[in-house]
Amino acid sequence: MKSPHETFNKLISEEILAVLQYKLMAHWCMFNRYQKLAYLIDNIRKQEEEHIEELTEKAFQLNLFSDIKYFISADEVANDGDIITADLTPEIIIEKLNALEQSAINSYIHAIDDSEIAKEDPSVAELFKHILEEEKQHDAIVEAEVKKLSTLGSNDWLTTLVESKKSDLRFKPATAMKMNRMQAMYKAFQARASDTDFKIL
């Protein structure tokens, strides 16, 4: 059974990694004019950021924070050249989103069932259940796009991702250089989060 520190460390790390990926993918979609997919991803990203705030607030209430080490310094964010997105397509993005949401659902199920703190503190169990339900909602949204892709085929599905008329952009797409920087930040955090000595809490 996981300790409170292990449980919160894992969940917050995964949420941060997810937000960094969602932000990169949303900007890639906007940059490539798949506005509707960009908005879908950005809406999910905003809720994932709320999850980080909720988990962090609860961790502070429980006095779990001894040292916050998950912030990435400027020195760790190098420009890795063309690491961005040569590999990305809308189809690959949907696959990645699907995998991320399934992973998040599994993480919260395990946190509810296998962590000391969820067993001992009803408020923590309720928080995990609340976030789990939102992750299931995200998964349903992504699954709907997966079904559309399967039903319509790639070409027709792609046309549904483009806004048919001019409208004000909800956010300005990042430049290629900024997307490279986002990707570098994700890779730097991912490397630190996988370090056996790495601790958020």
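Residues numbered from 1 in each chain as written. Predicted model: local features only at pLDDT ≥ 70, side-chain atom pairs only at ≥ 80, totals over all residues. Heavy atoms only, no water.

Caption draft 1: Broad picture of the overall build of the protein chain. Helix and strand counts for the protein chain come out as seven helices and zero strands. If you list the helices and strands of the protein chain from N to C, you get α-α-α-α-α-α-α. Every one of the 201 residues in the protein chain was classed for burial, and the buried ones make up 47%. Within the protein chain, residue pairs in contact and separated by at least 24 positions form 83% of the contacts whose partners lie at least 6 positions apart. Carbon and sulfur atoms provide 51% of the accessible area of the protein chain, an area that totals close to 10900 Å². (Helix = DSSP H or I, 4+ residues; strand = E, 2+ residues; numbered from the N terminus. Buried < 20%, exposed > 50% of the residue type's maximum accessible area, 1.4 Å probe, protein only. Contact = heavy atoms within 4.5 Å. Areas by Shrake-Rupley, 256 points an atom, 1.4 Å probe, with all protein chains shown as cover.)

Caption draft 2: Highlighting unusual backbone geometry. Its identity is not glycine, yet Arg 33 carries a phi of approximately 70 degrees, on the positive side. If you trace the backbone, Arg 33 turns up in the loop between α1 (4-31) and α2 (35-61). The exposed category is assigned to Arg 33, whose relative accessible area is 58%. Residues other than glycine seldom take positive phi values, yet Asn 63 does so here, at roughly 60 degrees. Examined against the element boundaries, Asn 63 turns out to sit in the loop between α2 and α3 (90-114).

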